[in-house]
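Here is what each chain is made of, one letter per residue.
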Amino acid sequence: ATPEIFWPPLATHVSRALTADVDRAIQVWNLVMLDVIPAGVSVTELKCPTTDPISAAFDKTTKGLVKLNAWGKVYFTPNCSIDGHEGKLYMSKVHIDLKATAWDMKPAYFMQTWSPPTWFPIEDGRQAAQMILNLHFYDSAMYYFLTFKLRADGIAYLATLEWEIKDLQPP
């Protein structure tokens with residue numbers, strides 16, 4: 001029988017709150033910087049071999065009642081390690097650099113959410129932490145959802161879903 005390999009559960013640690021560069025009647029909340037580390041481990045133990053981040057760009061203009069443009073990049077530092085956790089890669093400073101403009105004075109809303117991180121098998125039996133980072137933005141008629149898939153071995157890409165919701169009630 002092959003011995004079972006135990007990979008410790010992962011957690012997201014919020015490093016700090018971020019502000020967005022927004023124009024006009026836009027409200028943004030839950031925009032934060034994250035570190036993906038093992039549950040119960042201090043973020044101070046995270047060692048990253050580089051300060052050069054990986055990024056995935058976005059630029060989206062809505063077609064709703066409020067013409068909205070959102071652009072920027074999602075950044076993170078890949079290939080981080082922790083002593084005593086050999087064969088596992090983590091990520092640091094996961095964040096959205098958000099810029100947005102609304103072309104009239106009706107309110108528009110932006111919010112960041114993320115999935116619980118999981119493990120992804122990579123070469124040589126190693127594992128890389130992976131997560132999904134979401135940017136939600138909407139006005140009173142349209143809802144947009146940008147999904148960024150990030151992996152600690154340096155993979156970052158954008159998948160976009162959008163749909164129309166009538167009579168959406170903002171929080």
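To keep things clear, this report deals only with the structure shown in the data block. (Residues numbered from 1 in each chain as written. Predicted model: local features only at pLDDT ≥ 70, side-chain atom pairs only at ≥ 80, totals over all residues. Heavy atoms only, no water.)

Considerations on the overall build of the protein chain
For the protein chain, the count of helices and strands is zero helices and 12 strands. The long-range fraction of contacts in the protein chain, counting pairs at least 24 apart against all pairs at least 6 apart in sequence, stands at 61%. Surface summary for the protein chain: the accessible area is close to 8900 Å², and the carbon and sulfur share equals 54%. (Helix = DSSP H or I, 4+ residues; strand = E, 2+ residues; numbered from the N terminus. Contact = heavy atoms within 4.5 Å. Areas by Shrake-Rupley, 256 points an atom, 1.4 Å probe, with all protein chains shown as cover.)

Considering the state of the cysteines
One pass over the full model with this rule turns up one disulfide. Bridging Cys-48 to Cys-80, the disulfide has an S-S length of 2.0 Å. Taking the torsion about the sulfur-sulfur bond, which here is approximately 100°, the covalent link between Cys-48 and Cys-80 counts as right-handed. Highlighted residues: Cys-48 in the loop between strand S4 (32–38) and strand S5 (54–61) and Cys-80 in strand S6 (residues 68–80), separated in sequence by 32 residues. Residue class for Cys-48 comes out partly exposed when judged on its relative accessible area of 31%. (Disulfide = S-S within 2.5 Å. Buried < 20%, exposed > 50% of the residue type's maximum accessible area, 1.4 Å probe, protein only.)

Looking at the packing of aromatic side chains
For the structure on display, the rule yields six aromatic pairs. Ring geometry for Phe-110 and Phe-137: centres 5.0 Å apart, planes at 10°, overall stacked. Taken together, the positions of Phe-110 in strand S8 (residues 108–114) and Phe-137 in strand S10 (residues 127–138) put the pair 27 residues apart, joining distant regions of the chain. The structure contains a cluster of three or more aromatic residues connected by ring pairs, namely Trp-29, Tyr-109 and Tyr-138. (Phe/Tyr/Trp six-rings, centres within 6.5 Å; stacked < 30°, edge-to-face > 60°.)

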